[in-house]
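# Structural description and commentary
What follows is each chain in one-letter form.
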Protein chains: 2
Amino acid sequence: MTTDAPALFTDLYELKMLEAYLQEGMTAEAVFTLFVRRLPPQRNYLLACGLEMVLDYLEDLRFDEADIAYLDSLGHFSTRCLEALRTLRFEGEVRAVPEGTPVFANEPILEVRAPLPQAQLVETFVMNQIHLQTLLASKAARVVTAAQGRVVVDFGARRMHGVDAALKAARAFHIAGVTSTSNVLAGRVYGLPVAGTMAHSYVQAHDDESEAFRAFANVFPDTTMLVDTYDTLDGVRRVIELSRELGERFRIAAVRLDSGDLAQLARESRALLDEAGLQRVQIFASGGLDEHVIADLVREAPIDAFGVGTSMGVSADKPDLDIVYKLAEYAGKGRLKLSADKPVLPGAKQVFRIVEGGRAVRDVIAGADEQLPGRPLLELVMRNGSTLPRPRVTLDAHRRYAQQELALLPDAIRSIEPAREPYPVEISAALAEHQRSLTARIEAAAASR
Amino acid sequence: MTTDAPALFTDLYELKMLEAYLQEGMTAEAVFTLFVRRLPPQRNYLLACGLEMVLDYLEDLRFDEADIAYLDSLGHFSTRCLEALRTLRFEGEVRAVPEGTPVFANEPILEVRAPLPQAQLVETFVMNQIHLQTLLASKAARVVTAAQGRVVVDFGARRMHGVDAALKAARAFHIAGVTSTSNVLAGRVYGLPVAGTMAHSYVQAHDDESEAFRAFANVFPDTTMLVDTYDTLDGVRRVIELSRELGERFRIAAVRLDSGDLAQLARESRALLDEAGLQRVQIFASGGLDEHVIADLVREAPIDAFGVGTSMGVSADKPDLDIVYKLAEYAGKGRLKLSADKPVLPGAKQVFRIVEGGRAVRDVIAGADEQLPGRPLLELVMRNGSTLPRPRVTLDAHRRYAQQELALLPDAIRSIEPAREPYPVEISAALAEHQRSLTARIEAAAASR
C-alpha cells in the first residue's frame, strides 16, 4: 500500500546519531517539539493536520531483516547498533494538538517524549507527514473560505508531488472543508466522496460536440457537461438543444467552464440557460483557480461550484513551511540552540487559547506543567508507544472540529488577505524566564572557556 | 512498498469516460501526448525524468477484487464495465524521450498509443509521475550548475511532499547530477550514495560542545562536524582544539555551517583552519540554499560542498509545471481542442534536435512519420504493453546521458539566469499544415451548424 511508512524513511544522520547515543549510553528521555518558526506572509494561520499518520508510524515502527542488511552494507554501524535496531520499538509519549486545530508561529503542533535515540530517529517521517498535511490543509482552508459555502472539488492528483502527496492531500482537504475529490484511491482509502465527469478528450474523440454530449448523457444522465472544448457558449447552446431533444428525460446537473474569462462566460451561460428554462442547471468553474480568483468569481459571477487543481494541490504560492523538530529537553534539563535568529523554547510546552465572547483573542505558550486560563490545545495521544483512545477519530469529526475552531478566529485572521496584525501569541512569564536563564547559563559556559 | 502504483490512483472521470467509451464501442486506437505547455519564466529548459515508473505502472496495471468492489459501491458503473476492468491490461505502445533529456515547451516528453479507454485511464498516474520527477530534476540541474562541480547533497526528505515525493526526488536528483542523498530509503531502493552526520540536537544533548565533538569523532572519526549550534567560529575553534588533542588520530573531514552569513563565516572558518594547519578539513554549507545563493557563495567563499533541502526538494520558486496529457489522434484522425490559448499539435509526433559545432542550435517538432535532419528524441520504449529492452537503463547511465545532453545546450540556456531568447523550437511545415487544416475543418463544422 502506498500509505506504508518504512522505518528506513529517515535521514542517515538520525541513524548515525543513534549509533553514537548508544555507544555513549545517552538513552535518557528527550523532548522534541515540532513547530513552525514563522508563518509565510501569505498565511494568517495554519491548520494542523497529519497526526494520525504519525501515530500509526510510531506504533508500527520496525526494521526488518532486509533493512538491517542494507544498513550493515553501509559500513557505518556496529553490530550492537544493528542489533538494537532489530528489536527497536517506539516506547515514548506524544502530546499533540488535534487535527484541524488552527495554529500559529512557534506553537507546538506535537511533542515527542522518548528515549533520545528513538525520539531522534523518528524526526524525518514525523516532520514530513505533519508538514505535508498541515501545508495543504492550510491552503485548502483558504480556498474553502473564499468559496463561501459553494462546492469545492479537489482536482489536483495529476500535478501533486507523487502518490503519497495526492492521497494525504485529499484527506487534509476533507478536514479543511473541501467537498469531494477526483482521486479514486483517496476515496477508497479514506472513505471520501469522489467526483468527476468528462475531459476535453472525450469531446474531441467524437466527431461532433453534440454527439459527445448526447452519448455521455445517455450513460450518465445527471452528469456535468464540459462545454469549452471548442467554444464555451456554443457548448452551452448544445446542452440546451439536448434539453429540447430529451424533454422530460433531460437531467444534466451542470455545465463546466474550464478556460477563458470565467466570470463573463458564467454570466452569459447563466443567461442562456435561464432563458431556456434551465434554471436548475448549475455552473461549475475550473482551470487555474486559487482562493483569490475564487473570491473574485464569487463576487462577480453566478458560479455554483469550483474544481481546484494544482494551486491548492501543491500550495503553489507557498509550497513549504518553516517547520522544525527541535530538542527542547534532555535528561530533565531544558535545551537550547543559539544559532542566529532561530530561537527554541525549552522544555515540554502547552498552548492555552483564550476565547472571549465567542472569539479567540490570544494564545499563551507555557511550560507543560503550567495551569493558565484558556483551553489547553495539546492533548496526550500516545503513551508507552500505544495510541490512546480519543474522541474525534473519524475524518468527519476532524472536519467538524476544524470548522468550529476556524469560526472562533478573528475575521481578519480567517481572511485570505494578509492580516495587518498577526494573531496574538504570548509566552508565559515562567517559560520566558526559563528561556532567559538557560540562555544565560549557556553563554556563561561558553565565555568561561 | 511506497513505490506501488495502485490502479485506483486515477481521477474518477477517467473511469466514467471508460464506461462511456465501452458502451459506445469507442475502443479504436488513440494517441495522447504528454508535454509542458509553457516553461516557467524561471526555467530555460526542463530535464525529462520519471519514465521508468510509468513503464512499470503500465506493465503492472491490474484492478484487484477489492478495487472492483469499491468501484461497484460507487453506483456509477455497469457490470460490463466492471468486468472489463477486472481483466484490463495495458496493451499499448509508448514512445518517449530518454530520462535525462533536456526538453522545451510543447515538445512531447511521452506519447501513448493504445485503445482509447486504456490510453485515457492511465492519464492521472502518468502525469503525476513525469511531472514530479521532471519538475525536481529540472530544479536540481540548476543547483548542480550553480555548484560548479562541488558536492551537492540532498537534505530535503523532511519537507518534501510525502514519502513518494522524497523517494522519487532522490532518484531524479541523481540523474540531474546531485552527489548523494540523506534519505536512507532512497539509498536502499535506488542504490544511491547516502550521506549525513549530526544535527544540532546532538550537540545540544551534550552539556558541552567540545564533549559532543569528541564523542562523535570517537564513533565516526572521519565525519563532518556541525559547528553553528552556539557560535560558528567558536565551534570551528573547538574542532581545532580536538585536532591538537587527537594528533595523528584526528581525521575530521569537514565542518558544516548551517546559519548566519555563510560566505563570511566560510572565509573566517577557512582562515582559522588553515592557520591551524588543517587545510584538508573542508567546508560544508547548508541552510536555506538554492541555486542563486549557491552561485553567490561559489563566487565569494571557499566552500567545498553544499547541503540543499527544501528549496530543491519542493522546487520552491516554481512547484508545478503546466504539464498536460492531450488527445492528439483517435481512430486515425488528428484531434484538436480550440479552448482559448491552449493549442494542441495533432497526431503522433517526433522531435528532432539539430546539433552544430558541438552545440544544440534548435529543435523541430514534426509528425512521427517525418524524416528530418537532427537526432530524433522520442524512442519506442513499450510495445503491446511490454517494455522493450533499452540501452541506458541504470540510473548512472541516465545521469551520464543527462550531463552529456546538458553540455550540448547553449550557455545562456544552461544558465540559472533567465535567457533573453528562449531555445529555438520550430514546428515542421507538414505538422503546421496538419494543424491548420484540422483547425479549419473543425471551425467549418461549427459554423455550418
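Residues numbered from 1 in each chain as written. Chains lettered and ligands numbered in written order. Predicted model: local features only at pLDDT ≥ 70, side-chain atom pairs only at ≥ 80, totals over all residues.

Here Gln148 of chain A, not a glycine, exhibits a phi torsion of approximately 45°, which is positive. Inspection of the secondary structure puts Gln148 of chain A in the loop between α6 (123–147) and β6 (151–154). By C-beta crowding, Gln148 of chain A is classed as exposed, having 10 other C-beta atoms within 10 Å. Residues other than glycine seldom take positive phi values, yet Asn384 of chain B does so here, at roughly 50°. Structurally, Asn384 of chain B is set in the loop between β17 (379–383) and β18 (386–387). Asn384 of chain B sits in the exposed class, given 11 other C-beta atoms within 10 Å. (Helix = DSSP H or I, 4+ residues; strand = E, 2+ residues; numbered from the N terminus. Buried ≥ 20, exposed ≤ 12 C-beta atoms within 10 Å, placed from the backbone.)

Moving on: the relation of the copies chain A and chain B. Once chain A is rotated about the relating axis by 180° and shifted along it by 0.0 Å, it coincides with chain B to within an RMSD of 0.0 Å. Given the turn and translation reported, the copies of this chain are related as if by a two-fold rotation axis. Looking at chain A, 99% of its interface residues are interface residues in chain B too, so the copies touch through the same face. (Least-squares fit on C-alpha atoms with pLDDT ≥ 70 in both. Contact = placed C-beta atoms within 7 Å.)

On to the interface of chain A and chain B, then. Counting residues at the interface gives 85 residues for chain A, matched by 86 residues for chain B. When residues of the side of chain A that touches chain B are assigned to their parent elements, the largest contribution, 9 residues, is made by helix α1 (residues 12–24) of chain A. Residue classes in the side of chain A that touches chain B are distributed as 46 nonpolar, 21 polar and 18 charged. (Nonpolar A, V, L, I, M, F, W, Y, C, P; charged D, E, K, R; others polar.)

Let us now look at the packing of α6 of chain A against helix α7 (residues 162–176) of chain A. Residues and elements named next belong to chain A. Viewed as axis vectors pointing N to C, α6 and α7 meet at an angle of 45°, and their least axial separation amounts to 8 Å. Compared by their axis directions, α6 and α7 come out oblique. α7 is crossed by α6, and the crossing has right-handed handedness. Contact residues: α6 offers Leu132, Gln133, Leu136, Ala137, Ala140, Ala141 and Val144, while α7 offers Ala165, Lys168, Ala169, Arg171, Ala172, Phe173, Ile175 and Ala176. Its residues assigned to classes, the contact of α6 with α7 comprises 12 nonpolar, 1 polar and 2 charged. (Axes fitted to C-alpha atoms, helices over the stretch in contact; angles between N-to-C directions. Parallel < 35°, antiparallel > 145°, perpendicular 65-115°, else oblique. Left-handed = near helix turned anticlockwise from the far one by under 90°.)

The next point concerns helix α11 (residues 232–246) of chain B. An α-helical turn contains 3.6 residues, so any two residues separated by three or four positions project in the same direction. Residue and element names in this part refer to chain B. Taking 1.5 Å per residue, 15 residues should reach 21 Å; α11 reaches 21 Å between its end C-alpha atoms and fits that length. Along α11, the residues that are buried comprise Thr232, Gly235, Val236, Arg238 and Val239. When α11 is viewed along its axis, its buried side chains cluster within an angular range of 155° and face the same direction. Where α11 is buried, its residues contact α10 (209–219), β8 (224–226), β9 (254–257) and α12 (262–275). (Expected span 1.5 Å × (residues − 1). Arc of directions from axis to C-beta.)

Chain-level pLDDT for chain A is 95 on average; 97% of the residues reach the 70-or-more range. As scored by the predictor, the complex reaches a pTM of 0.97 and an ipTM of 0.96. (pLDDT = per-residue confidence, 0-100.)

What follows deals with the environment of Lys349 of chain A. Residues and elements named next belong to chain A. Within the secondary structure layout, Lys349 lies in strand β14 (residues 349–356). The class of Lys349 is buried, set by 27 C-beta atoms lying within 10 Å. For the pair formed by Lys349 and Glu111, sequence separation is 238 residues and the distance between their alpha carbons is 8.0 Å. If we ignore the near neighbours within four places in the chain, the residues touching Lys349 are Thr33, Pro108, Glu111, Ile365, Ala366, Gly367, Ala368 and Leu431.

Residue and element names in this part refer to chain A. Pairing is antiparallel in the open sheet, where 7 strands are placed in the order β13-β12-β1-β5-β3-β17-β18. Edge positions in the open sheet fall to β13 (333–334) and β18 (386–387), since each of these has one partner strand only. Bridge analysis of strand β1 (residues 29–36) against strand β5 (residues 110–115) gives 6 bridges, and the strand direction is antiparallel. Bridging from a neighbouring strand, Ala30 pairs with Ala114 of β5. (Pairing = 2+ DSSP bridges.)

Let's shift gears to the sheet that holds strand β13 (residues 333–334) of chain B. Residue and element names in this part refer to chain B. The antiparallel open sheet is built from 7 strands, whose spatial order is β13-β12-β1-β5-β3-β17-β18. This sheet does not close on itself; its edge strands, each paired only once, are β13 and β18. Strand direction decides the pairing type here: strand β3 (residues 93–96) and β17, joined by 3 bridges, are antiparallel. Residue pairing across strands places Val94 opposite Met382, the latter belonging to β17.

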